[in-house]
Amino acid sequence: MTPATHDPEIPRPHRAPAPWSGTAARPDKVIAVLLGLCMAYWIALWPLVPALIGSHPLLLEIISGSTLAEVTVGAHSRLGELPIWFAVLAGVPGTMIFDWVFWWAGRRWGDRALHLLLGRASSPGALARREARLARLERTAERFGPAAIVLAYYLPVPNILIYAASGLAGMRLRTFLALDVLGSLLWVGPAVGLGYALGKPAVDVIHRIDHYSTLVTIAVIVLVTVVQARRGRTVPR
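Since this is a predicted model, take the numbers as computed values, not measurements. (Residues numbered from 1 in each chain as written. Predicted model: local features only at pLDDT ≥ 70, side-chain atom pairs only at ≥ 80, totals over all residues. Heavy atoms only, no water.)

Undergrad: Please explain helix α3 (residues 57–64) as it appears in this structure.
TA: For an α-helix, 3.6 residues make a turn, and residues three or four places apart therefore share a direction. Taken together, the buried positions of α3 are Pro57, Leu60, Glu61 and Ser64. Around the axis of α3, the buried residues are gathered within 100° of arc, so they sit on the same side. One or two positions beyond α3, positive phi appears at Gly65, with a value near 65°. (Buried < 20%, exposed > 50% of the residue type's maximum accessible area, 1.4 Å probe, protein only. Helix = DSSP H or I, 4+ residues; strand = E, 2+ residues; numbered from the N terminus. Arc of directions from axis to C-beta.)

Undergrad: What should I look at first to understand a nonpolar patch on the surface in this one?
TA: Together, Ile84, Trp85, Phe86, Leu89 and Tyr196 make up a nonpolar patch on the protein surface, roughly 490 Å² of accessible area in all. It is helix α5 (residues 84–89) that provides the largest number of residues to the nonpolar patch, a total of four residues. Relative to the helices and strands, Trp85 is located in helix α5. (Patch = residues over 30% accessible without salt bridge, like charges linked within 9 Å, V, L, I, M, F, W, Y side chains within 5 Å. Areas by Shrake-Rupley, 256 points an atom, 1.4 Å probe, with all protein chains shown as cover. Salt bridge = Lys/Arg side-chain N within 4 Å of Asp/Glu carboxyl O.)

Undergrad: For this particular structure, what's the right way to read helix α11 (residues 159–168)?
TA: Counting buried residues along α11, eight of its ten residues qualify, which places the element largely inside the surrounding structure. By the burial criterion, the buried members of α11 are Asn159, Leu161, Ile162, Tyr163, Ala164, Ala165, Ser166 and Gly167. Directly beyond the C-terminal end of α11, a positive phi value near 90° is found at Gly170.

Undergrad: So what exactly am I meant to see when it comes to the side chain of Thr140 here?
TA: Along the chain, Thr140 falls in helix α9 (residues 124–144). Those residues in contact with Thr140 that sit more than four places away from it in its chain are Gly145, Leu155 and Val157. (Contact = heavy atoms within 4.5 Å.)

Undergrad: Looking at this structure, I do not really get the packing of aromatic side chains. What am I missing?
TA: Two measures describe an aromatic ring pair: the distance that separates the ring centres and the angle between the ring planes. Throughout the structure, instances matching the rule amount to nine aromatic pairs. Each ring, one from Trp42 and one from Phe102, has its centre 6.3 Å from the other, and the planes form 15°; the classification is stacked. Taken together, the positions of Trp42 in helix α1 (residues 26–45) and Phe102 in helix α7 (residues 99–109) put the pair 60 residues apart, joining distant regions of the chain. Its relative accessible area of 36% is what places Trp42 among the partly exposed residues. Judged by relative accessible area, Phe102 falls into the buried class, the value being 4%. Pairing Trp85 with Phe86 gives two aromatic rings, centres 5.9 Å apart and planes at 90°, and the pair type is edge-to-face. Judged by its relative accessible area of 55%, Trp85 falls in the exposed class. Classification of Phe86 by relative accessible area gives partly exposed; the value is 34%. Connected via pairs of aromatic rings, a cluster forms that spans Trp103, Tyr163 and Phe176. Sitting over the ring of Tyr196, Arg78 keeps its end group 5.5 Å from the ring centre. (Phe/Tyr/Trp six-rings, centres within 6.5 Å; stacked < 30°, edge-to-face > 60°. Lys NZ or Arg CZ within 6 Å of the ring centre and 35° of its normal.)

Undergrad: So what exactly am I meant to see when it comes to the environment of Val192 here?
TA: Topologically, Val192 is positioned in helix α12 (residues 173–198). Owing to a relative accessible area of 0%, Val192 belongs among the buried residues under this scheme. Measuring from C-alpha to C-alpha, the distance between Val192 and Ala75 comes to 7.5 Å, with 117 residues separating the pair along the chain. Excluding residues within four positions of it along the chain, Val192 makes contact with Glu61, Glu70, Gly74, Ile84, Ala87 and Val88.

Undergrad: Honestly, the nonpolar core in this entry has me stumped. Any pointers?
TA: If you look at soluble globular proteins, the nonpolar side chains tend to sit buried side by side. With 29 residues, the main nonpolar core has Leu137, Ile149 and Ile162 as its most contacted residues. Elements with a contribution of two residues or more to this core: α1, α7, α8 (111–118), α9, α10 (147–150), α11 and α12. Sequence-distant contacts of Leu137, defined by excluding residues within four places in its chain, comprise Leu114, Val157, Leu161, Ile162 and Ala165. Counting six residues, the second largest nonpolar core, distinct from the first, contains Val73, Leu82, Ala87 and Val188. (Core = buried A, V, L, I, M, F, W, Y, C linked by side-chain atoms within 4.5 Å.)

Undergrad: In this structure, what is going on with a positive patch on the surface? I would like to understand it.
TA: Together, Arg129, Arg133, Arg136 and Arg139 line one region of the surface with positive charge. Mapped onto the elements of the fold, Arg133 is located in helix α9. (Lys, Arg positive; Asp, Glu negative; His and termini not counted. Charge placed at Lys NZ, Arg CZ, Asp CG, Glu CD.)

Undergrad: Can you walk me through a negative patch on the surface in this structure?
TA: Together, Asp111, Glu131, Glu138 and Glu142 make up a region of like negative charge exposed at the surface. Structurally, Glu138 can be placed in helix α9.

Undergrad: Just checking my understanding: could you explain the pattern of salt bridges for this structure?
TA: Opposite charge on two side chains makes pairing possible when the charged atoms of those side chains draw close. Taken as a whole and assessed by the stated rule, the structure comprises one salt bridge. Residues Asp28 and Arg108 are paired through a salt bridge, measuring 2.9 Å at the closest nitrogen-oxygen approach. Taken as a pair, Asp28 in helix α1 and Arg108 in helix α7 lie far apart in primary sequence, 80 residues in all.

Read these as spatial facts, not as claims about activity.
Set out below in structure tokens:
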């Protein structure tokens, strides 16, 4: 009779707790999917910036809220190609396209939404940084109140945390959207105004960049592919 042998226990990777309590309800699943789509959308826009900035800056501004696109459209407005008020309004949809999702996450998940957006703290240093950000967010919310949404792009706190905190605080969606529109205009307006002030020199620079846009786009895609391949090879089996 041979003694029984026991395989050493294989440690399982620690998973961050889900932001919902118990089983995920339908709203929880919808928010999770929307957050995933938000990240995928932002990543997909990276190669589009050099591809569209010279040929279709207005389209790029509408779908992405890119600051570079806003400056470029402002410069085209100076040349009389479109009214400056339209150049400003065109940047609002892309700037605030997913903001309401973070509001909804805060409204639905409370403090757990903030911890999800800040990421899992795997070390004492990371935990300290996360707590420092939460403390900064609390001070910002107390100091500015609802105006923090209007000033979100200018405050020393990631704007998505401010949006989630507004939902956590119980702000109504229509109030949040109204303040978010004002905040988006406050961000887009100066960028478009800068392009309007620069005028034709800015357009000339963008056209020179556009000459190499295809090469830049291909280089970005190749770089991302190489990085992902290298990461895949280093994963322990």
